[in-house]
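# Topology and contacts: notes
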Amino acid sequence: MKMKKLTALLMTAAMIISMVGCGSKPAAQDAAAETAKAEEAPAADKAETTDAADTTEASGDKTVITITFRDDGSTTLKDWFQNAYDTYDKKDSVEVVIAPITASEGDYFAKVALALQSADTAPDIVCEDTFQLPSDVAAGYLTNMESYLKDYKEWNDGTYYGALVDGVTYTDGSAYGIPFNTDTRGLWYNKDVFKQAGLDTDWQPKTWQDIIDTCAVIKEKCPDVVPFWCNSGVATGEGTSMQTYEMLLYGTGEQLLDENDKWIGSSDNILKSLEFLSTIYSDGYGPSLSKVLNGEAGNTSSREYMPNGKLGISLDGFWVTGNYKESGASPWENYQDHLGIAAMPTSEGQAPGSITMSGGWALSIPELADEKDAAFDFIKHCMSYDVYRDMIIKQGNISTRSDIASDPEYSQQPFMQTCTEFLDGAYYRPRNSQYTTVTTHIQTMVESVVSGTSPKDAMEQYKADVINSVGAENVVEK
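The sections below set out a description of the structure shown in this document. Not measured: the values here are computed from a predicted model. (Residues numbered from 1 in each chain as written. Predicted model: local features only at pLDDT ≥ 70, side-chain atom pairs only at ≥ 80, totals over all residues. Heavy atoms only, no water.)

## A short note on the overall build of the protein
Where we set the bar: Helix and strand labels come from DSSP, where a helix needs a run of H or I of at least four residues and a strand needs a run of E of at least two; each type is numbered from the N terminus. Think of it in three bands: with a 1.4 Å probe and only protein chains considered, a residue is buried below 20% of the maximum accessible area for its type, exposed above 50%, and partly exposed in between. What makes two residues a contact is simply this: any of their non-hydrogen atoms within 4.5 Å.
Looking only at helices and strands, the protein has 22 helices and 16 strands in total. Here the protein holds 478 residues, and 56% of them are scored as buried. Counted over contacts in the protein with a minimum sequence separation of 6, partners at least 24 positions apart contribute 76%.

## What to know about the packing of helix H4 (residues 76-86) against helix H18 (residues 385-395)
Each packed pair of helices is defined by two parameters, the angle between the axes and the distance between the axes. Heads up, the condition is: To obtain an axis, a line is fitted to C-alpha atoms, over the contacting stretch when the element is a helix, and the angle between two such axes runs from 0 to 180 degrees between their N-to-C directions. An angle below 35 degrees is treated as roughly parallel, one above 145 as roughly antiparallel, one from 65 to 115 as roughly perpendicular, and anything else as oblique. Here a crossing is taken to be left-handed if its near helix is turned anticlockwise relative to the far helix by less than a right angle, and right-handed if that turn runs clockwise. Polarity classes work like this: nonpolar for Ala, Val, Leu, Ile, Met, Phe, Trp, Tyr, Cys and Pro, charged for Asp, Glu, Lys and Arg, and polar for all others, with Gly in that last group.
For the pair H4 and H18, the least separation of the axes is 10 Å and the interaxial angle reads 165°. The orientation of H4 with respect to H18, classified from their angle, is roughly antiparallel. Handedness of the crossing formed by H4 with H18: right-handed. Contacts between H4 and H18 involve Thr 76, Leu 77, Asp 79, Trp 80, Asn 83 and Ala 84 from the first element and Val 387, Tyr 388, Met 391, Lys 394 and Gln 395 from the second. Classifying every residue of the contact of H4 with H18 gives six nonpolar, three polar and two charged.

## Focus: the pattern of salt bridges
The condition that has to hold: Should a side-chain nitrogen of Lys or Arg be within 4 Å of a carboxyl oxygen of Asp or Glu, the pair is scored as a salt bridge.
Applying the stated criterion across every chain yields a total of 16 salt bridges. Close ionic contact of Lys 463 with Glu 460 constitutes a salt bridge, the shortest N to O distance being 3.3 Å. Of the two residues, Lys 463 and Glu 460 are both situated in helix H22 (residues 455-470); the distance of three residues between them amounts to about one turn of the helix. Judged by relative accessible area, Lys 463 falls into the buried class, the value being 14%. According to the relative accessible area criterion, Glu 460 is partly exposed, its value standing at 34%. Look at the salt bridges and you will find they share partners, linking Arg 389, Asp 390, Asp 407 and Glu 409 into a network.

## Some remarks on the packing of aromatic side chains
What counts, and what does not: When the centres of two rings from Phe, Tyr and Trp lie within 6.5 Å, Trp using its six-membered ring, the rings pair. Their planes under 30 degrees apart give stacked, over 60 give edge-to-face, and anything left gives tilted.
Within the structure shown, the criterion is met by 26 aromatic pairs. Between Tyr 148 and Phe 376, the ring centres sit 5.0 Å apart and the planes meet at 25°, which makes this aromatic pair stacked. Within this pair, whereas Tyr 148 is found in helix H7 (residues 146-149), its partner Phe 376 is found in helix H17 (residues 372-382), the two being separated by 228 residues in sequence. Residues Tyr 148 and Phe 376 agree in their burial class; the two are buried. Put simply, the rings of Phe 69, Trp 80, Phe 81, Phe 180 and Tyr 388 pair up and form one aromatic cluster.

## As for helix H15 (residues 297-305)
In terms of burial, H15 is a largely internal element, eight of the nine residues being buried. Against the buried residues of H15 lie strand E9 (226-229), helix H14 (289-292) and strand E11 (311-317).

## Topic: helix H13 (residues 268-282)
To keep things clear, this is the line we draw: Take the residue count of a helix, subtract one, and multiply by 1.5 Å to get its expected span.
Here H13 is 15 residues long and its end C-alpha atoms lie 20 Å apart, about the 21 Å a rise of 1.5 Å per residue gives. Looking at H13, one finds that the buried residues are Asn 269, Ile 270, Leu 271, Ser 273, Leu 274, Phe 276, Leu 277, Ile 280 and Tyr 281. Positioned one or two residues after H13, Gly 284 has a phi angle of 80°, which is positive.

## With respect to the nonpolar core
In plain terms, the rule: Take the buried residues of types Ala, Val, Leu, Ile, Met, Phe, Trp, Tyr and Cys, join any two whose side-chain atoms come within 4.5 Å, and each joined set is a nonpolar core.
One finds Trp 80, Phe 81, Ile 178, Phe 180, Phe 228 and Phe 378 to be the most contacted residues of the largest nonpolar core, which totals 133 residues. Not counting chain neighbours up to four residues away, the residues in contact with Ile 178 comprise Met 145, Leu 149, Tyr 152, Trp 155, Tyr 160, Trp 361, Ala 362, Leu 363, Phe 376, Ile 379 and Met 383.

## Some details on the pairing of strand E12 (residues 339-342)
What counts here: Pairing between two strands is assigned when DSSP locates at least 2 bridges connecting them.
Residue alternation in E12 divides its side chains into two sets, Leu 339 and Ile 341 and Gly 340 and Ala 342, and both sets are buried. As judged from the four bridges shared by strand E8 (residues 185-190) and E12, these two strands associate in the antiparallel manner. Considered in E12, the bridge of Tyr 189 is made with Gly 340.

## Overview of the side chain of Ser 273
Inspection of the secondary structure assignment puts Ser 273 in helix H13. Not counting residues up to four positions away in its chain, the partners in contact with Ser 273 are Trp 208, Tyr 245, Leu 248, Leu 249 and Thr 252.

## Regarding the side chain of Ser 301
Here Ser 301 lies in helix H15. Filtering out sequence-adjacent residues up to four positions away, Ser 301 remains in contact with Trp 229, Met 306, Pro 307, Leu 311, Ser 314 and Asp 316.

## Re unusual backbone geometry
In this model, Ala 351 is joined to Pro 352 through a cis peptide bond whose omega is 10°. In this structure, Asp 261 takes a positive phi of about 60° despite not being glycine. Checked against the element boundaries, Asp 261 lands in the loop between helix H12 (238-249) and strand E10 (263-266). Overall, the relative accessible area of 53% leaves Asp 261 in the exposed class. In this structure, Asn 334 takes a positive phi of about 55° despite not being glycine. Of note, Asn 334 is situated in the loop between E11 and helix H16 (335-338).

## Focus: the sheet that holds E12
With respect to topology, four strands assemble into an open sheet ordered E9-E11-E8-E12, the strand pairing being mixed. In this open sheet, the two edge strands, each paired with only one partner strand, are E9 and E12. Recorded for the sheet is a direction-independent mean angle of 20° between the axes of neighbouring strands. Alignment of E8 against E11, held across five bridges, turns out to be antiparallel. Paired with Tyr 189 across the strands is Ile 313, a residue of E11. Along the sheet face, H12 touches E8 and E11 and points at about 95° away from the line of E11.

Remember, this is a structural readout, not a statement about activity or role.
Printed below as a string of structure tokens:
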């Protein structure tokens, strides 16, 4: 059963979900190409030295648990799980199989959902983006963890930030994951580019117009530099919805849902948000569509363009700094001297003056997992102070454990204090199981605008799409 399940899980991880991808090749060609690549590549990484195909024979009487997460090109999560296993006091009885899924963000969610539907393919631990958690709980994919958490000391003594506990708690009042990172977003800018353009390197725009004006100067003074980058396509999934569109929309004072929990399908503020994006691209301040409308756009901006002086401003999350450390995907010597961070202003500078969205990821146990008890025990070890501290520092993200905050090596990281302060008053995506459907329409709307559709037409199509998905009774106009 273990061998069958592992093989099925790896085959699922290799599949292309044609409804999610935005490539031009037919789905059958995509699937065939992906299957061929999967056959050439190693099936999975294991905590022990044997191949994944030898799991049954190698494990003997050991309990085997599988861990699935998105492989985005960084080794941070893989190294975390490996280090956790290397320091685990139950290695004699437990074997860990590390089974990453290589996919764009949007494809990852579809592949995980597919895996969670079958006992043959469900892993024992899955990395869940907390925005996806409500819909996966509603679908019956995740285990209610309350029976485990009642004896988990750190969960009950306030070690985990309350707001982040809320983020993994469903409407039934139960938690379905252990949050392992959180984040804030702002405007990263290259100080060297700003100097070249004659701009103040201590930059803090007060309105969206200030951003546009700064972009105009960069375009004029530094013609080989992309003035502004934000995730803008379907392929970058939630990066487009949350850290681009929602950073804008919430900065107008409006949210996705009204006070009666109905989706706002059209409004002046939606139009205002889309007009900002339209200006960025129509005035030539954004990257080429070939660069931004693909699943690697976020990595391209943070790992290539920004550290090489080819980008002026990027609307992105705190985690980008993890790329620039010695162990990161794109080491940048003394990056803290070349990079700046500004809070994203509200549209007109109205109160509260700036805006950030916050989210994060959690370790969850699928409902169809084989080894739930062992999985939870290993999760606790992954989240133990020393093992977790090393990972969160390497990842360059904000800790979910409050006791890490006072650790000097953690707290003295460049930009840590500023970006953590952004959490005060941060907004979170709605805990509504319909969000995972609505967010796909947000991504389509944004991509259509940056591709040349008028903001008004894109908004009207968005409204129609949302009505079609959630019902007219759940949609309003403002």
